[in-house]
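A structural walkthrough
One letter stands for each residue in the lines below.
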Amino acid sequence: MFKEMNDLFQWAWLIPFLPFLSFLLIALVTKRSKRLSSTISILAILTSLGLAIGIGIGVIQSGSQVVENPVLTTVNWLSIAGLQIDFGTLIDPMSAMMLFVVTLVASMVQIYSIGYMHGDPGFSRYYAFQSLFAASMLGMVLATNLLQLFIFWELVGLCSYLLIGFWFFKVSAREAAKKAFITTRVGDFGLLLGILFLYNQFGTLDFYGPGSLSVQMATSFQDFALIGGVSYLTVMAVLVFIGPIGKSGQFPLHVWLPDAMEGPTPVSALIHAATMVVAGVYLVARMFFLFDNASPFALQLVAGMGAFTAIFAATIAIAQDDIKRILAYSTLSQLGYMMFALGVGSLTASMFHLMTHAFFKALMFLGAGSVIHALHEKQNIWDMGGLWKKMPITGTTFFIGVLAISGIPPFAGFFSKDEILAAALHNGHPVIFAVGLFTAFLTAFYMSRLFFVAFMGKEKPENHPHESPWVMTLPLIILAFFSIVGGWVALPEHNFGYFVHYGEFHHEGIDWTIASISILAGVLGIGLAYITYVTRAIKAENVVARFPGVYKLLKNKYYIDEIYLWFIHKVMDGIVAKVLYWFDLYIIDGIVNGLAFLTRGSGRVLRKTTTGQLQTYALVFFFAVVVIYIVFALGEGQLSTLNPAAMLGGVK
Amino acid sequence: MSISVGLGSYLLVGAMLFCLGLYGVFVKRNIIAILMSIELMLNAVNINFVAFSRFAPWADPGTNPLIGQVAAIFVIVVAAAEIAVGLALVIAIYRNRRTTNVDEFNWLKW
């Protein structure tokens with residue numbers, strides 16, 4: 001049984017390969033035909049989806065075997081003395097889950113894009129990028145070692161850049177693409193440093209298998225103090241974590257994600273909500289053995305950073321008016337949720353929330369895209385209203401998404417959020433539990449605010465919305481289905497946690513005390529939004545009038561962008577750049593000019609020796625020969641060997 | 001007192017001739033004279049070749065393979081060719097510069 005499954009797992013490389021093939025085909029052959037390009041791309045990703053489902057079923061059937069022993073299929077990629085890097089595929093429940101999520105959301109988004117991108121002049125290019133993204137993301141999920149992961153990590157970053165800047169004729173899109181690329185690069189630098197240091201210490205970058213990082217850390221490796229008592233592994237864990245801070249939009253480097261909404265909406269759904277941004281969470285989960293073996297500080301950092309991001313982004317989302325930006329800040333907040341789930345030590349809860357979040361957030365982004373499409377590029381929620389009647393499918397599926405993210409049972413978000421909160425409380429992090437709970441309340445509030453304002457209330461006479469075509473509503477329905485049932489995998493005996501966990505597996509049922517508290521938080525949030533924005537018992541304007549400072553702060557996203565701008569303009573351009581300019585002008589240029597001056601001066605003196613007189617040269621040559629002869633003769637004391645008579649063997 | 005003319009005498013003559021040639025190369029101003037001095041130096045070498053060939057202890061004492069003599073003749077031939085080229089250059093320079101004074105041949109400097 002397991003043997004057969006192994007054979008199936010060996011073909012996992014096809015999953016990223018097919019979209020890559022489709023990228024090449026579209027880019028090189030079928031670019032002129034829009035219909036053919038989209039068909040190829042969708043066929044490739046659907047085939048990958050089929051394979052991913054097959055692998056998922058295989059993993060479930062092989063049960064504990066594959067849970068304990070990830071199936072590795074590798075080929076040697078780079079082999080020089082002291083450097084062995086393999087490329088391959090790693091199948092364990094976590095990667096199987098990611099494969100399913102990524103291929104599912106990617107296929108839904110690609111089908112949806114037929115409608116959304118209809119008539120766009122860059123239609124084929126769009127599908128080429130989509131395929132390339134799918135290939136890179138799937139390759140990253142399957143990576144067997146850190147370097148392979150890093151290569152695909154950068155590739156998804158590239159695709160993100162290309163797709164954010166897809167409408168490159170818009171200045172804002174260009175700027176957003178650059179911002180995303182450069183901001184994530186800051187994080188990637190830390191990750192790269194971590195990879196290099198780890199390789200230097202361990203001589204391998206493999207996650208699992210004989211002699212791999214996890215095995216060495218678990219058995220033979222002795223941790224040692226590196227900087228001021230902080231242990232080596234802790235420093236490595238922090239360095240590795242800097243990558244996810246950039247990629248998954250954790251607090252100081254989160255600024256790129258809201259701006260990334262300049263890209264087409266399906267791109268936001270796929271890359272900036274469901275898949276690429278969770279790459280950081282996935283990386284931390286993959287490297288969890290590193291964080292586990294490091295001192296508790298590493299995980300505390302992850303937890304603290306995640307919890308702060310969760311509440312920080314949630315408070316910003318309350319005061320935003322742009323439908324996509326609300327969803328973007330919601331994504332940041334939920335990413336923070338996943339991070340602190342890892343930080344409190346629950347790999348299961350984090351991966352579970354990653355999966356459910358991918359379903360309902362992709363659903364809501366695609367729903368938002370459907371609305372924007374119907375209203376001809378209007379994105380401000382106050383310009384919408386009463387859309388539910390005109391767009392029943394979009395409205396209903398969006399409502400399912402809102403319920404799911406608010407943690408109302410039996411929708412998917414309830415199960416994963418409950419598991420995270422339970423893990424935080426049970427593992428002794430009451431503060432983080434409280435932050436998570438309050439964030440859940442805020443989440444329910446701002447998501448229902450968005451829903452009530454945009455979909456209910458009065459219709460605007462200037463809008464003439466119409467329901468989107470079936471290629472756009474079908475993915476919504478499918479994702480809504482998963483947003484409902486996605487959480488039910490927590491229920492059976494061999495539940496999600498049985499497959500995806502770290503360390504010993506403990507079966508835990510739903511803790512109904514915590515569950516009811518979190519449901520209460522969700523209901524409270526929705527209820528508050530209802531009385532504020534539907535019945536208007538509380539006037540939002542009055543609240544704003546009472547706390548103008550707070551509102552302004554939230555509206556302007558805590559002025560983080562302004563602070564960065566100030567920092568770059570005043571500090572970097574103003575002080576640091578001036579100092580470096582002076583240094584360049586006087587020190588660097590001084591050295592270079594000094595060298596040139598020295599060369600010129602010595603040339604001026606030495607050229608007197610070039611008289612052009614042949615006889616002078618001959619004289620110098622002659623005396624040089626004499627000097628060499630004398631030096632050789634006296635210095636070595638071997639005058640006799642140069643004696644012609646002696647050379648001839650003593651002629652009489 | 002017997003005066004034997006041995007290898008040393010030949011080498012001495014050769015060395016003197018070589019030094020004369022060297023001196024001429026260094027001090028003469030006329031390019032033709034310098035070429036002649038070079039010929040002197042070459043012929044000093046020829047004397048050495050022949051002298052060594054005559055006095056060297058050969059493996060088979062009965063037969064002298066005449067290697068030195070061959071080398072000397074070779075040098076004479078090459079010297080003839082060299083002087084032909086050299087004089088051609090001198091004529092070419094003279095046509096341009098109207099001089100054979102090497103002090104004025106200094107346009108190969110900075």
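Thresholds applied
- Residues numbered from 1 in each chain as written.
- Chains lettered and ligands numbered in written order.
- Predicted model: local features only at pLDDT ≥ 70, side-chain atom pairs only at ≥ 80, totals over all residues.
- UniProt positions renumbered as here; feature names shortened; annotations may be inferred.
- Helix = DSSP H or I, 4+ residues; strand = E, 2+ residues; numbered from the N terminus.
- Rg over C-alpha atoms; globule rule 2.2 N^0.38 Å.
- Buried ≥ 20, exposed ≤ 12 C-beta atoms within 10 Å, placed from the backbone.
- Contact = placed C-beta atoms within 7 Å.
- Axes fitted to C-alpha atoms, helices over the stretch in contact; angles between N-to-C directions.
- Parallel < 35°, antiparallel > 145°, perpendicular 65-115°, else oblique.
- Left-handed = near helix turned anticlockwise from the far one by under 90°.
- Nonpolar A, V, L, I, M, F, W, Y, C, P; charged D, E, K, R; others polar.
- Pairing = 2+ DSSP bridges.
- Core = buried A, V, L, I, M, F, W, Y, C linked by C-beta atoms within 7 Å.
- Expected span 1.5 Å × (residues − 1).
- Arc of directions from axis to C-beta.

- Naming follows an unreviewed UniProt entry, where chain B appears as NADH-quinone oxidoreductase subunit K of Desulfitobacterium dichloroeliminans.
- Per UniProt, the comment on chain B under Catalytic activity (unreviewed entry) is "a quinone + NADH + 5 H(+)(in) = a quinol + NAD(+) + 4 H(+)(out)".
- For chain B, the Sequence similarities (unreviewed entry) comment in UniProt is given as "Belongs to the complex I subunit 4L family."

1. Comments concerning the overall build of chain B
- Across its full length, chain B holds three helices and zero strands.
- Sequence-ordered secondary structure for chain B, helices as α and strands as β, is α-α-α.
- For a compact globule of 110 residues, the expected C-alpha radius of gyration is about 13 Å, and chain B comes in at 18 Å, more than 25% above that figure.
- C-alpha extents for chain B along the principal axes are approximately 55 × 30 × 25 Å.
- Among the 110 residues that make up chain B, the fraction classed as buried is 10%.
- The contacts of chain B with a sequence gap of at least 6 include a subset with a gap of at least 24, amounting to 50%.

2. A look at the packing of helix H19 (residues 392-406) of chain A against helix H21 (residues 430-455) of chain A
All names here are of chain A.
- Viewed as axis vectors pointing N to C, H19 and H21 meet at an angle of 165°, and their least axial separation amounts to 9 Å. With respect to H21, the axis of H19 lies roughly antiparallel. With respect to the hand of their crossing, H19 and H21 are arranged in left-handed fashion. Along the contact surface, H19 presents Gly395, Phe398, Phe399, Val402, Ile405 and Ser406, while H21 presents Thr443, Ala444, Met447, Ser448, Phe451 and Phe455.
- In terms of residue class, the contact of H19 with H21 is built from eight nonpolar, four polar and no charged.

3. Regarding the pairing of strand S1 (residues 71-80) of chain A
All names here are of chain A.
- Here S1 pairs with strand S2 (residues 83-91) via nine bridges, running antiparallel. Across the sheet, residue leucine 72 finds its bridge partner in S2, namely leucine 90.
- With antiparallel pairing between neighbouring strands as the criterion, S1 and S2 make up a hairpin whose turn holds two residues, including glycine 82 at a positive phi of roughly 80°.

4. Points about the packing of helix H2 (residues 31-55) of chain B against helix H3 (residues 67-97) of chain B
All names here are of chain B.
- H3 packs onto H2 with a crossing angle of 175° between their chain directions and a minimal axis gap of 8 Å. By the angle between their axes, H2 is roughly antiparallel relative to H3. Residue-level inspection shows Ile31, Ile32, Leu35, Glu39, Leu42, Val45, Asn46, Phe49, Val50, Phe52 and Ser53 of H2 in contact with H3, the latter providing Ile67, Gly68, Gln69, Ala71, Ala72, Val75, Ile76, Ala79, Ile83, Gly86 and Val90.
- For the contact of H2 with H3, the residue count by class is 16 nonpolar, five polar and one charged.

5. Some words on the interface of chain B and chain A
- In this assembly, 15 residues from chain B lie in contact with 13 residues from chain A.
- Residue classes in the side of chain B that touches chain A are distributed as twelve nonpolar, one polar and two charged.

6. Things to note about the UniProt feature "transmembrane region" (unreviewed entry) in chain B
- On the UniProt side, "transmembrane region" (unreviewed entry) is annotated at positions that read residues 6-26, 31-51 and 71-94 of chain B here.
- Taken end to end, residues 31-51 of chain B is 100% helix and 0% strand, and its first and last C-alpha atoms sit 30 Å apart.

7. Looking at the nonpolar core
- Ranked by internal contacts, the top residues of the largest apolar core, which has 203 residues, are Val105, Val281, Val284, Phe291, Val302, Ala362 and Ala454 of chain A.
- Each residue touching valine 281 of chain A, except ones within four places of it in the same chain, is listed here: Pro244, Ser248, Leu335, Met338, Met339, Leu342, Ser350 and Leu354 of chain A.

8. Quick look at helix H1 (residues 7-27) of chain B
All names here are of chain B.
- Taking 1.5 Å of rise per residue, 21 residues should cover 30 Å, and H1 covers 30 Å from first to last C-alpha, within 8% of that figure.
- Regarding H1, the residues found buried are Gly14, Gly21 and Val25. Summarising the axial view, the buried residues of H1 lie within an arc of 45°, below the 170-degree limit, and thus occupy one face. Exposed residues lying more than 90 degrees from the buried face of H1 are Ser9, Leu12, Met16, Tyr23 and Val27.

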